[in-house]
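# Structure at a glance
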Amino acid sequence: MPKLTTYAASAEDVKTAIEAGAKHLILEDAKVSIRCYSDDYKELHFEKVTYLANLAREISPSIELSFNIDVMAHDYHLPTITDAVNTCRYAGISEFRVQDPGLALLIKTLHPEATLTLATETGNNNSGSHRVFSRWFARQMLGNELTHTEIAAMTQGNASTFDIQVHGPILIQYSYRRYMSGFRTSRGETSRRLAQDLEYPGRYFPFFENPHGHFMYLFFDRCLIKYIPLLTSLNIGRWIVDARGESLAYLKTALQAYKNALHEFEQSPTQYELSPKTISDLESVGKRALKAGFFLANKTDSERRLALKILQDTSQYLGTIVDVIRGKWITIELERSISVPSPVTLFSPEGPQVSFNIDSLFTLTDEPLAHSSHNRYVKTAWQKGAVPKSVLLAQETLD
């Protein structure tokens, strides 16, 4: 049975996570945990870590603990990392998660009994890499760009020494430079922003800056709860719910959702069915869409655009959606004329394929049309699944 795992940087995190079902906590201090949202920069010690460890064990004596040191270390970081490792050793914490493989030797020198987990944000996505790093690391983090078929092939059905993020934000860019605020910021100062993708309206990308640098996240949160049977078949040792930067309600709801879903599946695998309420509960506490990402198929936006371009070169191509007003209108740039009613199939750059009838046409000034005639741009009623750059093909020619 996989161990539900999450990050904890405060007493509230610890209490909420354990009560919600977490069996493993990754303790964080922002001085060495670069994606931590806690303000620990003014404290020159790591006494908080000892306090959190003791609190966690008081609540749940069987809780497993590790400490996150995912800073991409420069030489000036090494004294701080040394202090962190020594504090953890005296606090009885012996597992460390690192992003920089070179820190393995330093940690093992300071804490010979330590076990190490390699948790890189990118790379380390092939079986050769996993084999090499297994010489120094007891555990490794599976990358978010790996599909379930790739994971199964690489681990041969036994991924007990691997961790996977099942829920939470996906980091897509990190830089030591602070692009939004520059380096002239006070120690501990952080900032958060949202930026909309003009090519795909409605996609809002979160940005976060702290003393470690600049972070950009994907417009949706990774969510694998719909694929519990598939996940369990991979036998991955730890399932990570990442709620950093989110509310305690987000942390509690997500952990409980996976705990309950996993329990229900194990009780009756053949009868298991995810409750729609589980998804609605997760959506209610989050700020972004929930998607499986690359876990199902590793298709990038560029590949989808290429696929749509190929469709535009076929004789069935009718036109491209250039504007969408949700619940009201779709504006189409026509390649050839159409009449109503017209059965069509919509191919979206986000992946979905939808078939429907165009039962009404209007000019851009809202005049009704029975035929598009000489109008290059026409409007029709909004259709769920339509987004700008979706391609429309004549449906009757697809059989």
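Refer to the structure presented above.
Report follows, based on the coordinates. From a predicted model like this one, the values you see are computed outputs, not experimental measurements.

## Thoughts on the packing of aromatic side chains
Under the defined criterion, the tally for this structure stands at 10 aromatic pairs. Relative to Phe67, the ring of Phe46 lies with its centre 6.5 Å away and its plane at 90°, an arrangement referred to as edge-to-face. Pair noted here: Phe46 is in the loop between strand E2 (24-27) and helix H2 (47-59) and Phe67 is in strand E3 (residues 64-69), with a separation of 21 residues, a long-range link. This pair shows no difference in class: Phe46 is buried, exactly as Phe67 is. Between the aromatic rings of Phe219 and Phe220, the centroid separation amounts to 5.0 Å while the plane-to-plane angle is 90°, which identifies the pairing as edge-to-face. What makes Phe219 buried here is its relative accessible area of 13%. Ring pairing ties together the aromatic residues Tyr37, Tyr174, Phe208 and Phe215, which thus form one cluster.

## Considerations on the nonpolar core
In terms of nonpolar packing, the biggest core is built from 75 residues, with Leu25, Leu27, Phe67, Ile69, Ile164, Ile225 and Trp239 touching the most fellow members. Ile164 has contacts with Met141, Leu142, Ile151, Arg222, Leu224, Leu231, Ile236, Arg238, Trp239, Ile240 and Phe295, leaving out every residue within four places of it along the chain.

## Notes on empty space enclosed by the protein
For the structure shown, the criterion picks out two cavities of 30 Å³ or more. Computed from the structure, the largest cavity encloses a volume of approximately 210 Å³. Lining the largest cavity we find 19 residues, and of these Tyr7, Arg35, Ala119, Glu121 and Met141 sit closest to its centre. Split by residue class, the lining of the largest cavity holds seven nonpolar, six polar and six charged.

## Observations concerning the pattern of salt bridges
Side chains bearing opposite charge may pair, as long as their charged atoms lie close to each other. Evaluation of the coordinates by the stated rule reveals 18 salt bridges. The shortest N-O distance in the salt bridge between Asp242 and Arg35 comes to 3.3 Å. With Asp242 in the loop between strand E11 (236-241) and helix H8 (248-267) and Arg35 in the loop between E2 and H2, the pair connects residues that are 207 residues apart, well separated along the chain. Look at Asp242 and you get buried, because its relative accessible area is 1%. Glu95 is the partner of Arg238 in a salt bridge, and the nearest nitrogen-oxygen pair spans 2.8 Å. Linking Arg238 in strand E11 with Glu95 in strand E4 (residues 95-98), this pair joins segments that are 143 residues apart in sequence.

## Quick look at the packing of H8 against helix H9 (residues 276-285)
Between H8 and H9, the least distance of the axes is 9 Å, while the angle of their chain directions is 160°. Taken together, the axes of H8 and H9 are roughly antiparallel relative to one another. Between H8 and H9 the crossing geometry is left-handed. Across from Ala249, Tyr250, Thr253, Ala254 and Ala257 in H8, the residues of H9 making contact are Thr278, Asp281, Leu282 and Val285. Here the contact of H8 with H9 is composed, by residue class, of six nonpolar, two polar and one charged.

## A word on the packing of helix H3 (residues 78-90) against helix H4 (residues 103-110)
How two helices sit against one another is set out by the angle between their axes and by the gap between those axes. Remark: H3 packs on H4, axes separated minimally by 10 Å, with the N-to-C direction vectors making an angle of 45°. It follows from the interaxial angle that H3 and H4 lie oblique. In this structure, the crossing between H3 and H4 has a hand that is right-handed. Of H4, the residues touching H3 (which contributes Leu78, Ile81, Thr82, Val85, Asn86 and Arg89) are Leu103, Leu106, Ile107 and Leu110. Looking at the contact of H3 with H4 residue by residue, the classes come out as seven nonpolar, two polar and one charged.

## Considerations on unusual backbone geometry
Backbone torsion omega between Val340 and Pro341 reads -5°, so that peptide bond is classified as cis. Structurally, Pro341 is set in the loop between strand E14 (329-334) and strand E15 (342-347). Residues other than glycine seldom take positive phi values, yet Asn235 does so here, at roughly 55°. The topology assignment puts Asn235 in the loop between helix H7 (228-233) and E11. In the Ramachandran plot, Lys389 falls in the positive-phi region, its phi being about 80° despite a non-glycine side chain. Here Lys389 is to be found in the loop between strand E19 (377-381) and strand E20 (391-394).

About the thresholds
Residues numbered from 1 in each chain as written. Predicted model: local features only at pLDDT ≥ 70, side-chain atom pairs only at ≥ 80, totals over all residues. Heavy atoms only, no water. Phe/Tyr/Trp six-rings, centres within 6.5 Å; stacked < 30°, edge-to-face > 60°. Helix = DSSP H or I, 4+ residues; strand = E, 2+ residues; numbered from the N terminus. Buried < 20%, exposed > 50% of the residue type's maximum accessible area, 1.4 Å probe, protein only. Core = buried A, V, L, I, M, F, W, Y, C linked by side-chain atoms within 4.5 Å. Contact = heavy atoms within 4.5 Å. 1 Å grid on protein atoms, 1.4 Å probe; cavity = no way out; pocket = protein on both sides within 12 Å on 5 of 7 lines; lining within 4 Å. Points joined across faces, edges and corners; volume = space filled by probe spheres on them. Nonpolar A, V, L, I, M, F, W, Y, C, P; charged D, E, K, R; others polar. Salt bridge = Lys/Arg side-chain N within 4 Å of Asp/Glu carboxyl O. Axes fitted to C-alpha atoms, helices over the stretch in contact; angles between N-to-C directions. Parallel < 35°, antiparallel > 145°, perpendicular 65-115°, else oblique. Left-handed = near helix turned anticlockwise from the far one by under 90°.

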